[in-house]
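Observations on chain architecture
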There are 2 protein chains.
Amino acid sequence: MPKASAKKSPQINPVRLLVAKREGRTHTADEIRGLIDGFVTGQVADYQMSAWLMAALLNGMTDKETVALTEAMLHSGDVLRLKSVKPRKVDKHSTGGVGDKISICLAPLVAACGVAVPMISGRGLGHTGGTLDKLEAIPGYDVSLDEKTFERVVRTVGTAMIGQTSRLAPADKRIYALRDVTGTVESIPLIVASILSKKLAEGIDGLVLDVKVGRGAFMKDLKSGRNLARALVRVGKGAGKQVTALLTDMESPIGLTIGNANETREALEVLHNAGPDDTVDLTLELGAEMLMIGRVAKTKKQALAKLQAARADGSALETFAKMVKAQGGDTRVVFDPSLLPRAKQRVAVPAATSGYVASIDSMELGLVGVALGAGRTRADQAVDHAVGIELPQSIGAKVSKGDPLAFIDVHKKAAATPHVKRVQAAFKLTRTQPKSKSRILERLTK
Amino acid sequence: MPKASAKKSPQINPVRLLVAKREGRTHTADEIRGLIDGFVTGQVADYQMSAWLMAALLNGMTDKETVALTEAMLHSGDVLRLKSVKPRKVDKHSTGGVGDKISICLAPLVAACGVAVPMISGRGLGHTGGTLDKLEAIPGYDVSLDEKTFERVVRTVGTAMIGQTSRLAPADKRIYALRDVTGTVESIPLIVASILSKKLAEGIDGLVLDVKVGRGAFMKDLKSGRNLARALVRVGKGAGKQVTALLTDMESPIGLTIGNANETREALEVLHNAGPDDTVDLTLELGAEMLMIGRVAKTKKQALAKLQAARADGSALETFAKMVKAQGGDTRVVFDPSLLPRAKQRVAVPAATSGYVASIDSMELGLVGVALGAGRTRADQAVDHAVGIELPQSIGAKVSKGDPLAFIDVHKKAAATPHVKRVQAAFKLTRTQPKSKSRILERLTK
């Protein structure tokens with residue numbers, strides 16, 4: 001990719017650009033770069049950017065414009081090169097769900113297979129959790145490495161997992177903050193540019209996207225999920241990257257845990273050759289795509305074999321332990337996940353009737369998680385790593401009336417009381433056993 | 001109209017309103033009032049208002065919403081009552097043109113016929129002139145009376161002509177400033193609410209709108225002018241006022257003068273029973289509508305007779321003189337308009353060929369006026385009252401090659417030189433005499 005940031009910013013007239021977008025005309029790449037550069041330097045005011053965002057949301061953007069927007073946002077800050085990292089560099093991005101701890105087991109697994117995974121993640125907001133919050137359940141784990149240390153850990157361990165810095169894609173951070181308060185979040189081109197500008201700033205060669213669909217996801221139905229996935233793939237390719245997207249089911253929570261330490265524990269179980277089937281399956285499917293993009297496997301079959309081997313022989317767990325150590329964390333929890341924090345009290349949510357677990361409302365459980373303190377409703381809130389929800393069984397399991405559907409982990413039992421009925425109502429029980437379904441709905445490469 | 005400002009402001013969630021307007025849903029009157037009140041008090045940020053303006057421009061607003069917006073903006077500040085003024089109070093608003101000095105002769109003429117005219121006007125910007133700048137060509141004339149003095153002058157003289165104060169419709173002032181820099185000027189509902197909120201703050205019973213159409217106007221064609229005029233009439237009525245709109249031709253400049261003192265002189269000539277036919281005609285047509293709304297005439301014929309009488313017997317001139325005196329101006333210029341300032345040098349623009357004057361590009365002459373210093377391109381610029389353009393003849397006149405098409409009034413001849421060719425090119429001459437046309441294109445009462 002050309003280092004656009006080295007070029008002089010194109011001079012633009014913000015009002016003319018606003019009128020053009022308002023009238024449904026397309027911008028040139030230079031105009032978009034001028035707009036974003038102007039916004040970062042203060043020549044384009046907040047109120048102009050927000051009006052432009054609304055016009056862009058309502059009148060749309062072409063893929064070419066979205067590529068230009070992605071690159072302008074990408075080059076608004078540092079772009080990592082990771083020159084010292086020799087393997088191909090591939091990352092995964094999930095559009096966010098409930099119980100989504102996949103990154104934590106996926107990154108070391110893929111790294112153990114010889115693909116570098118320089119992963120910059122986010123925090124939870126609303127009903128969706130964030131990888132950083134989950135990693136911080138590991139005592140001492142530092143998610144805020146500087147760029148040099150990040151590169152060194154990726155080079156020596158094969159993966160590092162950190163948080164967004166203010167130096168990477170700062171335009172995205174400011175634009176997202178504006179979108180959040182101006183009703184301009186729900187725009188596919190703006191979502192695509194936001195996701196890709198941050199991910200491309202990692203200096204990756206390719207990206208696997210996990211586009212979640214269903215009630216616990218941002219995209220509620222397959223059609224809108226597919227639109228987003230396709231746009232991500234097209235724009236990612238337009239920006240010169242190898243990109244694959246999986247559309248995956250986000251109706252019920254992933255795996256059996258919700259909450260930060262709970263989810264990290266489940267991810268570690270996967271590396272310990274255990275863990276719930278759907279968590280393992282999703283990890284392997286996404287990992288296979290990363291290995292193919294990383295050119296260490298030619299076919300999915302080869303890729304899955306490598307991943308299974310790295311999981312079975314403990315090398316993925318070893319990689320994770322090295323990363324935790326390099327990032328200041330307590331490696332004892334890696335080898336004994338039961339050392340992770342867990343709130344002292346466990347309150348069972350009983351089944352009101354007997355039957356098969358047919359569906360579990362992930363949005364509801366996500367929101368209960370937030371209410372327990374595992375998540376946040378405002379970006380400046382702290383989270384409690386020790387609280388959460390654990391499910392004794394998954395979709396398809398048979399339960400008798402009174403059996404536990406879920407356990408709520410809290411510091412004091414009274415904290416669980418207001419949520420018992422809500423968690424109970426999130427489970428739908430049926431008389432006949434539902435068919436088991438894969439979480440993978442579609443695979444898109446163009 | 002209910003005094004909405006006395007009510008408690010409805011609490012609104014700005015992001016929800018933004019999403020609703022983005023999705024094309026309509027707001028309730030309370031929601032709109034909450035939005036405007038929130039903007040004035042700072043609870044709704046500039047960047048939220050500008051995104052809302054863009055959404056409103058693109059997705060439109062119903063008449064009911066536009067009435068609510070008008071009333072919310074109106075009640076964002078003082079609303080004059082003018083209780084001590086007994087006659088019905090009627091004003092005229094023009095959407096802006098070139099050579100539009102009509103207000104200056106119209107207000108005293110209508111007032112002399114027994115209708116009160118509490119007129120709050122604006123300044124020139126871009127190619128269009130402003131009544132305040134023209135009035136200030138009269139030495140000493142004060143356009144910034146306080147509300148009490150304004151009411152007293154309207155009561156005792158029948159009319160007063162002042163500028164917008166910061167206490168009247170302050171929301172409009174702030175919203176217009178935002179629209180100007182966010183590409184959201186060209187929205188009929190927003191234009192309507194802006195015009196009507198300011199005019200209704202005058203405490204009037206009715207309003208006559210002069211919606212200009214043509215190259216010297218904001219609305220370039222009849223269709224868009226008609227859309228604006230209809231919306232103004234509908235929303236004005238929705239806000240409880242009697243409203244009539246005339247669509248008038250703004251292809252060529254009005255009358256024979258452009259520039260501040262030049263135009264005031266021409267308006268005074270009308271009151272002295274002279275003046276160009278089109279200026280006189282436009283004044284009488286608009287005046288007749290005001291007299292009918294003011295209920296001092298039942299028919300247009302009656303109204304025209306009254307206006308002609310007030311012009312012929314000098315009572316309109318006398319009214320103007322009283323107003324000038326009450327507002328601190330030098331009344332000598334009223335009785336001897338040649339005392340108004342005029343730049344010393346007069347540069348003739350010769351006809352390049354012989355023929356009949358078929359059209360005069362009002363936009364071009366308006367822009368030359370600005371370039372000479374008679375107008376401004378930024379709101380904070382001062383204007384020169386003494387410079388301008390005067391035409392020796394109007395559309396339809398026969399000229400021979402070398403005859404003057406126009407005179408440019410400047411302090412030094414060199415200042416006119418760069419504009420001679422441009423003014424010459426603004427005149428289209430034809431071999432056959434064009435038919436004379438009225439400036440009145442349509443009359444709308446609903």
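Predicted model only: the values in this text are computed from it and were never measured. (Residues numbered from 1 in each chain as written. Chains lettered and ligands numbered in written order. Predicted model: local features only at pLDDT ≥ 70, side-chain atom pairs only at ≥ 80, totals over all residues. Heavy atoms only, no water.)

Now for the overall build of chain A. For chain A, the count of helices and strands is 17 helices and 13 strands. For chain A, whose C-alpha radius of gyration is 22 Å, the value lies close to the compact-globule estimate of 22 Å for 446 residues. By principal-axis analysis of the C-alpha atoms, chain A measures approximately 70 × 45 × 40 Å. Considering only residue pairs separated by 6 or more positions, chain A has 78% of its internal contacts joining residues 24 or more positions apart. For chain A, the exposed area adds up to about 17,600 Å²; of that, 51% sits on carbon and sulfur atoms. (Helix = DSSP H or I, 4+ residues; strand = E, 2+ residues; numbered from the N terminus. Rg over C-alpha atoms; globule rule 2.2 N^0.38 Å. Contact = heavy atoms within 4.5 Å. Areas by Shrake-Rupley, 256 points an atom, 1.4 Å probe, with all protein chains shown as cover.)

A word on the relation of the copies chain B and chain A. Of the transformation superimposing chain B on chain A, the axial component is 0.0 Å and the angular component is 180°, with the fit at an RMSD of 0.1 Å. Here the two chains are linked by the operation of a two-fold rotation axis. When the interface residues of chain B are mapped onto chain A, 100% of them again fall at the interface, so both copies present the same face. (Least-squares fit on C-alpha atoms with pLDDT ≥ 70 in both.)

Once that is clear, we can look at the domain arrangement of chain A. Residues and elements named next belong to chain A. Segmentation of chain A into domains returns domain 1 (14–74), domain 2 (90–337) and domain 3 (342–430). Across the contact, 25 residues belong to domain 2 and 27 residues belong to domain 3. Buried area between domain 2 and domain 3, both sides added, is near 2,000 Å², and the carbon and sulfur share of it is 55%. Considering only the surface of domain 2 that becomes buried against domain 3, Arg215, Leu256 and Ile258 emerge as the three largest contributors, covering 29% of it. (Domains from an automatic or database assignment. Buried area = accessible area lost by both parts, 1.4 Å probe.)

Attention now goes to the packing of aromatic side chains. What the rule picks out here adds up to zero aromatic pairs over all chains. The ring of A:Phe39 has A:Arg174 sitting right over it, with the charged end atom 4.0 Å from the ring centre. (Phe/Tyr/Trp six-rings, centres within 6.5 Å; stacked < 30°, edge-to-face > 60°. Lys NZ or Arg CZ within 6 Å of the ring centre and 35° of its normal.)

This paragraph deals with the interface of chain B and chain A. By a widely used convention, the size of an interface equals the accessible area lost when the partners come together. Across the boundary between the two partners, chain B contributes 21 residues, which contact 21 residues of chain A. Interface area for chain B against chain A, summed over the two sides, is near 1,700 Å², with a carbon-plus-sulfur share of 71%. A salt bridge links B:Glu186 to A:Arg22; the nearest nitrogen and oxygen atoms lie 2.7 Å apart. Where chain B packs against chain A, one counts nine residue pairs in polar contact (both at pLDDT 80 or more). Among the elements of the structure, helix H1 (14–22), helix H3 (46–59) and helix H8 (170–181) of chain B are those that each provide at least two residues to the side of chain B that touches chain A. Tallied by class, the residues present in the side of chain B that touches chain A amount to 11 nonpolar, six polar and four charged. (Salt bridge = Lys/Arg side-chain N within 4 Å of Asp/Glu carboxyl O. Polar contact = N/O pair within 3.5 Å; in protein donor to acceptor, adjacent residues only side chain to side chain. Nonpolar A, V, L, I, M, F, W, Y, C, P; charged D, E, K, R; others polar.)

The next thing to look at is the sheet that holds strand S5 (residues 242–249) of chain A. All names here are of chain A. Strand order in the open sheet formed by four strands is S1-S4-S5-S13, and the pairing between neighbours is mixed. In this open sheet, the two strands that pair with only one neighbour each are strand S1 (90–94) and strand S13 (440–444). Strand-to-strand twist of the sheet, defined as the mean angle between neighbouring strand axes without regard to direction, takes the value 15°. As paired elements, S5 and S13 share four bridges and run antiparallel to each other. By the bridge assignment for S13, Thr248 is matched with Ile440. Contacting S1 and strand S4 (206–213), helix H9 (residues 188–200) crosses the sheet at an angle of about 150° to S1. (Pairing = 2+ DSSP bridges. Axes fitted to C-alpha atoms, helices over the stretch in contact; angles between N-to-C directions.)

Attention now moves to the sheet that holds strand S11 (residues 404–410) of chain B. Paired through their backbone hydrogen bonds, the strands of a sheet run either parallel or antiparallel. Residues and elements named next belong to chain B. Taking strand neighbours across the sheet as the criterion, the four strands line up as S6-S9-S11-S7 in an open arrangement whose pairing is antiparallel. With partners counted over all chains shown, the strands left at the sheet margins are strand S6 (257–258) and strand S7 (345–350), one partner each. In this structure, strand S9 (residues 388–390) lies alongside S11, joined through three bridges in antiparallel fashion. Looking across to S11, one finds that Glu390 is bridged to Phe407.

Glancing now at the environment of A:Leu340. All names here are of chain A. Following the sequence through the fold, Leu340 ends up in the loop between helix H15 (332–335) and strand S7 (345–350). Assessed through its relative accessible area of 3%, Leu340 is described here as buried. Distance in space between the C-alpha atoms of Leu340 and Val235 is 40 Å, their sequence separation being 105 residues. Apart from residues lying up to four places away in sequence, Leu340 is in contact with Ala137, Ile138, Ala261, Thr264, Arg265, Leu268 and Val333. (Buried < 20%, exposed > 50% of the residue type's maximum accessible area, 1.4 Å probe, protein only.)

Okay, the packing of H9(A) against helix H10 (residues 222–238) of chain A next. All names here are of chain A. Here H9 crosses H10 at 50°, and the two axes come no closer than 10 Å. Taken together, the axis directions place H9 and H10 in an arrangement best described as oblique. When the axes of H9 and H10 are compared, the crossing they make is right-handed. Across from Ile188, Ile191, Val192, Ile195 and Leu196 in H9, the residues of H10 making contact are Ser224, Asn227, Leu228, Ala231, Leu232, Val235 and Gly236. For the contact of H9 with H10, the class distribution of residues is nine nonpolar, three polar and no charged. (Parallel < 35°, antiparallel > 145°, perpendicular 65-115°, else oblique. Left-handed = near helix turned anticlockwise from the far one by under 90°.)

The next subject is the environment of A:Lys322. All names here are of chain A. Following the sequence through the fold, Lys322 ends up in helix H14 (residues 315–326). The partly exposed category is assigned to Lys322, whose relative accessible area is 46%. Each C-alpha atom, one on Lys322 and one on Pro108, is 9.4 Å from the other, the two residues being 214 residues apart in sequence.

Time to look at the nonpolar core. Within the largest apolar cluster, 117 residues are counted, with the highest numbers of intra-cluster contacts made by A:Phe150, A:Phe320, A:Leu365, A:Ile408 and A:Phe427. Of the residues forming this core, the biggest block, nine residues, is contributed by helix H12 (residues 277–293) of chain A. Residues contacting A:Phe320, with those up to four places away along its chain left out, are A:Ile104, A:Pro108, A:Leu135, A:Ile138, A:Leu268, A:Leu271 and A:Val334. Among the nonpolar cores identified, the runner-up in size contains 115 residues, and B:Val67, B:Val117, B:Val211 and B:Val423 belong to it. (Core = buried A, V, L, I, M, F, W, Y, C linked by side-chain atoms within 4.5 Å.)

Our focus in this paragraph is H12(A). Residue and element names in this part refer to chain A. With 17 residues, H12 extends 24 Å from end C-alpha to end C-alpha; this agrees with the ideal 24 Å at 1.5 Å per step. Of all 17 residues in H12, 15 are buried; the element is thus mostly enclosed. Downstream of H12 by one or two residues, Arg295 has phi in the positive range, about 60°. (Expected span 1.5 Å × (residues − 1).)

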